[in-house]
Structure formats: C-alpha cells, structure tokens
Amino acid sequence: MNWTGMLSAAAVHLEITFAGVLIGTAIGLPLAALLIRFPRLGRGVFLVIDAIQTVPTLAMLTFVMLAFGLNEVTVVVSIVLYTLFPITRNAYVGLTSADAGIIRAGRGLGMTPLQIFTGIRLPLAVPMILTGIRLAVVAALAIATTGVFIGAGGLGMLIWRGIQTRNTTMMLSGAVPVSLLAVFFEFSIGLLEKKLRRI
Amino acid sequence: MIGVTEFIDTVVRNQAFILRSTGRHLLICAAALLAGTAVAVPAGVLLSYHKKAAGAVLTVFSVINTVPSMVLLGAAMILFGLGVAPSVAVLFLYSLLPILRSTYTGITGIDPRYIKAASGMGMNRRQILLGVKLPLAAPSVISGVRLSAVYVISWATLAAFIGGGGLGDVIWIGLQSYNFHLVFCGAIPATVLALLVSWALNRVVRAVQKHVDGGVTS
C-alpha cells in the first residue's frame, strides 16, 4: 500500500475536478443570468448543452484531445463542457423560481432590475445553484477518473494500473478514495442545500 | 494530426471491426437496459406502495450511482473476472436508479383525484394500477429509461477495459497505437448512437405525454 502515491494522486484528482467545476460555474452562472434577460436564446442554448451532456465521456475526451492534446487540460475542458448542463439548468430554474408577486412587490418598492436580480432572484436561487454544483462535482470526479485513458493523472491511474496488473490493492487504493470523495461531496453539499432551503 | 482522407481510409480498412464493435455495443447496452427496465419499473411500483422504504432504497441506489463507473467496473472485474457478463452487470446496476426514481415519482406525483375517482367507480387495486397509474406515469417512466440509456451507452465505452468489447475497444486500440483516426472510428459512432437514442426516446416521451394529456382533459 503506497500512501504517498495515493495522496498525491488524490490531490491531482481534486485539482482537476475543481478546476473544471470552478470554470464551469464561472461560465454557467452568468449564462443562466443572461438567459433570463434573453429568454428567446434559452431553447437553443439548452438544446446545445443537453447534446454536449449526451456525448459519451470517453468520446468527449478524444474530441477535446484533438484541440488540447493528451494531458490534464483536456480533462479539465471536458469537465467544463459536462458541468455546463447541471449548473446552467439548475441556476436557470432557481433564478426563475421567484414568485411573480414578490418580483412585482420589489418593482413597486422602486427596485431597479439589477436590485431585483441581486436582492430577490439570486438569494432565492442559492439552493438550486448548489444542487447544480453538487451534480457537477460528482460528475466531474467520475470524468477525472476516466481521464487516465488520455494520459491524465489522478486516482483513475491507480484504478487502471490495478486493473491491468490484476493488483487488487492498487485498484482499491484508487477506487476507495474516489468513491468516498464522491459520496462525501454528494452528502455535504446536499446537507448545505437543505439548511439553506429552510431559511 | 487528423486528415479527412486518412480518416476515410481508416474507416474503410476497419469497417468490419467497426461494424462488429457497434453491434456488440448495441447488444451490451440493450441487454443492460432491458434487464434494468424489467427490474426497476416493477420495483418502482412496489416502492410507491411503501413510501417509508422508498426513501431508504432510493438513497442506497443514489450512493451506488455516485460511485464513478471506473470503480464499479474494476470491482466487477475482481469479483467476476474479465468479459461481457461483468460489464453488463455493472451497466445494469447503473441503469436501475433513473428508472426506479422516475417510476416512483411518476406514480406518487399523480393527482389523487384520479385515483379516488377510479376507486369510486369500483376499480380494484390492480385495475387502478394498470388502467390509471401506469398510463399516467408512463411519460415519467420513459424519460427515466431515456436517462439510463444515455448513461449506459456512455459507460459501455468504458466496459471495453474489462473485456466487454464494443466501441470502447475501437477507441482504446486507437489510443494505444496513437492511431487517432481509429480513435474517432469508435468515438463518432458512440456519440451518434447516444444522441440518436436520446432524441428518439425524447420523441416517445413527448408523444406519450400528448396522449396522456389528451386522454385526461377530454
């Protein structure tokens, strides 16, 4: 059992995962806000990001590889593409969930559109935005595992080496941490959503 | 790195292999999905009668689906060895949750008025299930099947690594030999397959939804 190898693989894995999710969120949230301003674009944009989401992971990695080569960047870009759907979709649903009466009340109080957005829509959307981020993190952990096939590091490497050499210990030293991480983020972010919903 | 003529050349030279792999891919996915539907729909119906158990069961399956597919494929290899059977077993396991959840929410989300009306007309539990609940829940059930189908097609490409065969084989052989033309001979059919199945099942969901809405309002 190689603990340092496992820890450094886990660090690389988390780095890839969160780089992808952060960039995905940085694109997805403004995109959702933009779609509220321009609802006509919504159908087309969601059609495209839904289609992206449908592409099999391994196929996506090879397509992105054409542009970015056999390395971690390809995995991060693939994660960004996959996270667009959960993040944008959930943020959009959350941002449009504010009751029309509340929006009207805000307008009646003389709030500007920007104030309505930052003061009413955004706070009400926070639990849904978190749902999107939770789905994105769990998906990203799995995509980062698959990244080993195009030459990226991370816990997937230990799993793959274990499979190839029929070394169960090595397989598990990748499989157990990545599963625990996925379950941990699923539950901790889920808990946060529930807490915020109660407010 | 990629040339159109070389790509076409690769397709022609490997057409038998590509076709065989596509057929294998379809077969693995269909087997897993059919078995998944056959188990998850009745199980979802059963859970709708036992709401207390439903929360626990759905949580267990959502934990399973949280685990990355590579992990379960590796575990299946250790338990059952290499081959088609462990691949289908893992894909089957993953296909359960979306169908289970959509069947359950589809049935429990039905307006109780319809069920009261049906029992008021003297329908028994079986008649209510077959004549009212399942038809009304059908769009939700099928959209669960669609979700599972897309997942299964995607994960089946990974099943090649534990000997499942299919389009993942084409991709993997291409990657190992740095033959990127061959990689796309596997990646493009896999993508087209996923998009096609997703689109077709979406059409089915809409058609069934339309039918249900029409039947209810008229």
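As shown above, the structure is provided for reference.
Being a predicted model, the structure only gives us computed values, none of them experimental.

Across its full length, chain B holds nine helices and zero strands. Start at the N end of chain B and walk to the C end: the helices and strands fall as α-α-α-α-α-α-α-α-α. Taken along the three principal axes of its C-alpha coordinates, chain B extends 70 × 40 × 25 Å. In chain B, which comprises 218 residues, the share counted as buried stands at 45%. Long-range pairs, those at least 24 residues apart, make up 75% of the contacts in chain B with a sequence separation of at least 6.

This brings us to helix H7 (residues 125-159) of chain B. If you check H7 of chain B, its first and last C-alpha atoms are just 42 Å apart, much less than what 35 residues at 1.5 Å a residue would give, namely 51 Å. Along its length, H7 of chain B shows its largest kink, about 55°, at Ala138 of chain B, and proline Pro139 of chain B lies within four residues downstream of that point.

Turning our eyes to something else, we now look at the packing of helix H4 (residues 72-95) of chain A against helix H6 (residues 113-146) of chain A. For any two helices packed against each other, one specifies the crossing angle of their axes together with the interaxial distance. Residues and elements named next belong to chain A. Where H4 meets H6, the closest approach of the two axes is 8 Å, and the angle between their N-to-C directions is 155°. Classed by the angle they form, the pair H4 and H6 counts as roughly antiparallel. Handedness of the crossing formed by H4 with H6: right-handed. For the contact of H4 with H6, the residue count by class is 18 nonpolar, six polar and two charged.

Leu73, Leu91, Val152 and Ile153 of chain B are the most contacted members of the largest nonpolar core, which has 117 residues in total. Those residues in contact with Val152 of chain B that lie beyond four places of it in its chain are Cys29, Ala32, Leu33, Leu91, Tyr94 and Ser95 of chain B.

A separate point is the interface of chain B and chain A. Facing the 31 residues of chain B at the interface are 28 residues of chain A. For the side of chain B that touches chain A, the elements supplying multiple residues, two or more each, are helix H3 (51-66), helix H4 (69-80), H7, helix H8 (167-176) and helix H9 (180-217) of chain B. Looking at the side of chain B that touches chain A, the element that brings in the most residues is H9 of chain B, giving eight residues. Within the side of chain B that touches chain A, the residues separate by chemical class into 23 nonpolar, eight polar and no charged.

Cut-offs applied
- Residues numbered from 1 in each chain as written.
- Chains lettered and ligands numbered in written order.
- Predicted model: local features only at pLDDT ≥ 70, side-chain atom pairs only at ≥ 80, totals over all residues.
- Helix = DSSP H or I, 4+ residues; strand = E, 2+ residues; numbered from the N terminus.
- Buried ≥ 20, exposed ≤ 12 C-beta atoms within 10 Å, placed from the backbone.
- Contact = placed C-beta atoms within 7 Å.
- Expected span 1.5 Å × (residues − 1).
- Bend = angle between axes of the 7 residues up to and from the residue.
- Axes fitted to C-alpha atoms, helices over the stretch in contact; angles between N-to-C directions.
- Parallel < 35°, antiparallel > 145°, perpendicular 65-115°, else oblique.
- Left-handed = near helix turned anticlockwise from the far one by under 90°.
- Nonpolar A, V, L, I, M, F, W, Y, C, P; charged D, E, K, R; others polar.
- Core = buried A, V, L, I, M, F, W, Y, C linked by C-beta atoms within 7 Å.

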